[in-house]
Amino acid sequence: MEKIYFVVGHEKKRRDLILNVLISILLIVIGIIGLMNAYFIAIAALFIGVIFLIVSMSVSYEANWIVRENCIEYTSIYASSKFHRSLAIIFKNQQYPHINRIAFDNIENLEIIFNEVPMPPYGLYGYPIYLLVHLKNQETVKLEIYVNYGKDQAYPALKYLDEKIGIQDPYHIMDNLLDKNERLANYIERIMKENHIKVH
């Protein structure tokens, strides 16, 4: 398998996932033991334990994407896929399920776009950015460019893809990823205003 060049996104460490599972098991055990004495508390502990286990295993990481020498790999966004991948991390199984691979030879072009997402109840908006992978078979794959752990984290992968394939970046979002003086949200709001852009 080709060497991993870049990872875009974040994934919880194996020890964190194991800790989540142990906490869930503890709550479930407390619930089972308490069934004889405090029925309501026991049911609550069982319910919370099961829910915590499902949630922690399903959404405990962002479904990152990987750039190898000649391909892009990404995982399914579905919770079941995330659950399976969490199990793979816990049991050190490197053959993660639900991985899709896109060879560079199958890519027509790449494009960076952004979206405007309401953030209730604050009355504010978030501006996630995406890499659109336009394939030669006319299909398009949409990959989120994660900036939650530092907006420059994704830049090396994008720069590599730009050099290998070329990226259409009409609003110069890649430049802002390296700009430490202006937040990405502020930059997008500014270019939307300057270019009279409305995102639906």
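Note that this is a predicted model, so its numbers are computed, not measured.

Re the sheet that holds strand E5 (residues 107-114)
With respect to topology, 4 strands assemble into an open sheet ordered E9-E8-E5-E10, the strand pairing being mixed. With one partner strand each, in any of the chains shown, strand E9 (140-145) and strand E10 (167-168) form the two edges of the open sheet.

What about the pairing of E9?
Going residue by residue along E9, you find Val141, Leu143 and Ile145 tucked away on one face and Thr140, Lys142 and Glu144 left uncovered on the opposite face. Sheet topology note: the strand E8 (residues 129-135)/E9 ladder contains 6 bridges and is antiparallel. From the neighbouring strand, Val133 faces E9, where its bridge partner is Val141. In sequence, E8 turns back onto E9 through a hairpin of 4 residues, with Gln138 there showing a positive phi of about 80°.

Digging into helix H4 (residues 155-164)
Those residues of H4 lying buried are Tyr155, Ala157, Leu158, Tyr160 and Leu161. Among the residues trailing H4, Gly166 stands out with phi positive, at a value near 105°.

Some remarks on the pattern of salt bridges
Counted by the stated rule, this structure contains 5 salt bridges. Among the salt bridges present, the one from Glu163 reaches Lys159, with a minimum N-O distance of 2.5 Å. Residue Glu163 and its partner Lys159 are located together in helix H4, separated by 4 residues, close to a single helical turn. Residue Glu163 is classed as exposed on the basis of its relative accessible area, which comes to 56%. In this structure, Glu194 engages Arg190 in a salt bridge whose closest nitrogen and oxygen atoms are separated by 3.3 Å. A residue pair is termed a helical-turn pair when its members lie 3 or 4 positions apart in one helix, as Glu194 and Arg190 do in helix H6 (residues 184-194) at 4 residues.

Some thoughts on the packing of aromatic side chains
Within this structure, the stated rule accounts for 2 aromatic pairs. Positioned above the aromatic ring of Tyr130 is the side chain of Lys142, whose terminal nitrogen or guanidinium carbon lies 4.2 Å from the ring centre.

Looking at H6
Of all the positions in H6, only Leu184, Ala185, Tyr187, Ile188, Ile191 and Met192 are classed as buried. Down the axis of H6, the buried set is contained in an arc of 160°. They therefore lie on one face. Contact partners of the buried residues in H6: E5, E8 and helix H5 (173-177). Looking one or two residues beyond H6, the residue adopting positive phi is His196, at roughly 55°.

Conventions used here
Residues numbered from 1 in each chain as written. Predicted model: local features only at pLDDT ≥ 70, side-chain atom pairs only at ≥ 80, totals over all residues. Heavy atoms only, no water. Pairing = 2+ DSSP bridges. Helix = DSSP H or I, 4+ residues; strand = E, 2+ residues; numbered from the N terminus. Buried < 20%, exposed > 50% of the residue type's maximum accessible area, 1.4 Å probe, protein only. Salt bridge = Lys/Arg side-chain N within 4 Å of Asp/Glu carboxyl O. Phe/Tyr/Trp six-rings, centres within 6.5 Å; stacked < 30°, edge-to-face > 60°. Lys NZ or Arg CZ within 6 Å of the ring centre and 35° of its normal. Arc of directions from axis to C-beta. Contact = heavy atoms within 4.5 Å.

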